[in-house]
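What follows is each chain in one-letter form.
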Amino acid sequence: MFASLPPQRNELIEWSWAQFEPYYQDLTARPLNAENVTQWLADWSAIAACADEYFNRLMIRVNANTADTEAENRYNAFFQEIYPHLMQAEQNLREKLIQTGLEPEGFTIPLRNMRSTTALFRAENLPLEAEENKVRTEYDKTIGAQTVLWQGEERTLAQMGPLLQSEDRSARERAWRAISDRQLADREAINVIWQTLLELRLKIASNADYPDYRAFRWQEMQRFDYTPENARQFQNAIEEVVVPAARRVLERRKQRLGIDQLRPWDLDVDTSGQPALHPFDDIDSFTQPVSQIFHQVDPVLGGYFDEMRREKLLDLENRKNKAPGGYCTSLAIHRKPFIFMNAVGVHDNVQTLLHEGGHAFHVFESARLPYIQQMNVPMEFAEVASMSMELLSQPYLTKELGGFYTQAEAARARIEHLEGLLLFWPYMAVVDAFQHWAYENPQAAADSTQCDAAWDALWQRFMPVVDWSGLEDARMTGWHRKLHIYNYPFYYIEYGLAQLGAVQVWRNSLQDAPKAVANYRHALGLGGTVTLPELFQAAGARFAFDAPTLREAVNLVEEQLGKLYRL
């Protein structure tokens, strides 16, 4: 029966549990031993890939148009009518394999992950998880529907973004205030969403016999190689090492702009006195230079991106009712990636596509692994794939190499990227520390005013220089605008740890670019078959939380910034 897999795409998204069930019944009933385990795993991988691609295609469709009620109904039906059966069936197969004591080649780490997932599983949590996903969709709908009327034209908040790069400071302020006012209009709605999510998550952890949601989530995210205390260590290292560097970046920005106080609407404008970078006008003039950049980094990687263009595996333009943010997901049947983002013609869009391209290359490079279960990559390393690609692409941004910019413009773009890197680590610390506070203090976190106060205290601890006088409501509700808090709890430190790994990969490329890229590709090809520290090591980096390692990275970034400012 497995020979009939996979079904056609249009057929697959019409499936109900009745179509999935016979395959899982066959795997559950089939005797399992050393002689047939390879075929059994191949068959399990085939049906699991169908389920994974089914879900991801539904997610893509919902995100593409949050006003598409048919897509939303299908998505919700998946969680209500298929997901509980699917998770129970997957649990049965994990238990079956674990109980045999077999350890197929390349399956040591996947088995470790399965044991963890098996220990967490509770059937009574399945409807709660379905409800949690429904509430997450409500958050996306709320954010995706936010628009403002600007000069007689309705614009999404992402489409307002380029106005924040205007050389006219008063115009930037008007745009920033319009965006902020619209965001604050949904303050109560988002508070309700948060309180609902918090209650659901606490119940899920309790059902799984965990003392708190953080402990549950830590195991659910399969964080075997570091602890919440390590996360706190990293926050403290950022405060010690990076916050002073961020202060230097912002003081320099204030000086270059010639202003007494740096305000929130002064953070995106270019300090060179030149018009904002405008790298592209449409999707073709966006993707063609990105293709050239990837080809310069490595011809194989460039070929992967061209394949995505040909096969329409990109949804890049911003539009009304499109979900916020950007991501790369995988279509597991086809072992191909799909990139989703919101492009409006600014340099940050270039950085986003380079970033998501790194994730896409991870999918391509690990596609040679035989089983889908081997592709469960720790997110801390998945983000090394993406953040490294941003840095590895830097030398190729110029038009003479097929990119977007003149030499001077490319220097400005690189300065923006490297300064943004230094400003990101403190912001990451705010987001991460806020989530630790929320789930350590769930009763307080149920009160949105206490959430506002906690976020505000962390903001003032880690985010220097910028003057928010008279804008306190916008500052303290910043946690409303970080979708990870709502949709991917505790998923944010990954970016900070990965950025540290990526800077090390970049350091290696400055010494020997071909070798650094070869190590990078080799590490991506390992998928999830080795430990997190081993993945970092394979890429030429060290998995670390300490101030000395962070200081080396910050020193390199500041050294390179000095060179760029002298160009």
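Notes on the structure in this doc start here. (Residues numbered from 1 in each chain as written. Predicted model: local features only at pLDDT ≥ 70, side-chain atom pairs only at ≥ 80, totals over all residues. Heavy atoms only, no water.)

Let us look at the overall build of the protein chain. For the protein chain, the helix and strand inventory stands at 24 helices and 5 strands. For 567 residues, the compact-globule estimate of 2.2 N^0.38 gives 24 Å, and the C-alpha radius of gyration of the protein chain, at 24 Å, lies within 12% of that figure. Each principal axis of the C-alpha atoms in the protein chain carries an extent, and together these give about 75 × 55 × 45 Å. Of the contacts made within the protein chain by residues no fewer than 6 positions apart, 76% connect residues no fewer than 24 positions apart. Counting every atom, the protein chain has about 22700 Å² of accessible surface; 49% of that belongs to carbon and sulfur. Here the protein chain holds 56 positive side-chain charges and 77 negative ones, and the gap between their average locations is 3 Å. (Helix = DSSP H or I, 4+ residues; strand = E, 2+ residues; numbered from the N terminus. Rg over C-alpha atoms; globule rule 2.2 N^0.38 Å. Contact = heavy atoms within 4.5 Å. Areas by Shrake-Rupley, 256 points an atom, 1.4 Å probe, with all protein chains shown as cover. Lys, Arg positive; Asp, Glu negative; His and termini not counted. Charge placed at Lys NZ, Arg CZ, Asp CG, Glu CD.)

Turning to empty space enclosed by the protein, a few remarks are in order. One pass over the structure, following the stated rule, counts 1 cavity of 30 Å³ or more. In this structure, the largest cavity encloses a volume near 40 Å³. Forming the boundary of the largest cavity are Met221, Gln222, Arg223, Phe224, Asp225, Tyr226, Pro378, Glu380 and Leu532. Tallied by class, the residues present in the lining of the largest cavity amount to 5 nonpolar, 1 polar and 3 charged. (1 Å grid on protein atoms, 1.4 Å probe; cavity = no way out; pocket = protein on both sides within 12 Å on 5 of 7 lines; lining within 4 Å. Points joined across faces, edges and corners; volume = space filled by probe spheres on them. Nonpolar A, V, L, I, M, F, W, Y, C, P; charged D, E, K, R; others polar.)

This next bit is on the nonpolar core. Soluble globular proteins: nonpolar side chains tend toward being buried together. Counting 197 residues, the largest nonpolar core has Phe20, Trp44, Ile47 and Trp425 as the members making the most contacts within it. For this core, the element with the highest residue contribution is helix α16 (residues 407-440), accounting for 19 residues. (Core = buried A, V, L, I, M, F, W, Y, C linked by side-chain atoms within 4.5 Å. Buried < 20%, exposed > 50% of the residue type's maximum accessible area, 1.4 Å probe, protein only.)

Tallied over the entire structure, the rule returns 0 disulfides. For Cys50, which is in no disulfide, the shortest distance to another cysteine sulfur is to Cys328 and amounts to 20 Å. Exposure remark for Cys50: the relative accessible area of 0% places this residue in the buried category. (Disulfide = S-S within 2.5 Å.)

Each pocket or cavity is described by its volume, and for the second largest pocket that value is around 350 Å³. In terms of lining, the second largest pocket is formed by 14 residues, of which the most central are Arg9, Arg57, Ile60, Leu331 and Phe338. Of all elements in the fold, only α1 (9-12), α3 (37-64) and β5 (336-343) reach the threshold of two or more residues within the lining of the second largest pocket. Considering each element in turn, the lining of the second largest pocket owes the most residues, 4 residues, to α3.

To continue, consider the side chain of Asp452. Counting through the fold element by element, Asp452 comes out in helix α18 (residues 448-462). Within the local environment of Asp452, its side chain forms a polar contact with the side chain of Trp479, the two groups lying 2.7 Å apart. Apart from residues lying up to four places away in sequence, Asp452 is in contact with Arg187, Met476, Thr477 and Trp479. (Polar contact = N/O pair within 3.5 Å; in protein donor to acceptor, adjacent residues only side chain to side chain.)

The next point concerns helix α22 (residues 513-525). The end-to-end C-alpha distance of α22 is 18 Å, a good match for the 18 Å that 13 residues give at a rise of 1.5 Å each. All buried positions along α22 are accounted for by Ala516, Val517, Tyr520, Ala523 and Leu524. Viewed end-on, α22 has its buried residues packed into an arc of 125°, placing them on one side of the element. With respect to the buried face of α22, the exposed residues turned more than 90 degrees away are Pro514 and Lys515. In the core, the buried residues of α22 are packed alongside α12 (283-297), α13 (299-310), α14 (347-366), α15 (379-392), α21 (493-511) and α23 (532-538). Where α22 begins, the capping side chain belongs to Asp512, and its oxygen is found 3.2 Å from the backbone nitrogen of Lys515. Gly527 occupies a position one or two residues after α22 and carries a positive phi of about 55°. (Expected span 1.5 Å × (residues − 1). Arc of directions from axis to C-beta.)

Relative to strand β2 (residues 153-156), strand β1 (residues 147-150) runs antiparallel, the two being bridged by 4 bridges. Bridging from a neighbouring strand, Val148 pairs with Arg155 of β2. Where β1 folds back onto β2 in an antiparallel hairpin, the turn is made up of 2 residues, including Gln151, whose phi is positive at roughly 55°. (Pairing = 2+ DSSP bridges.)

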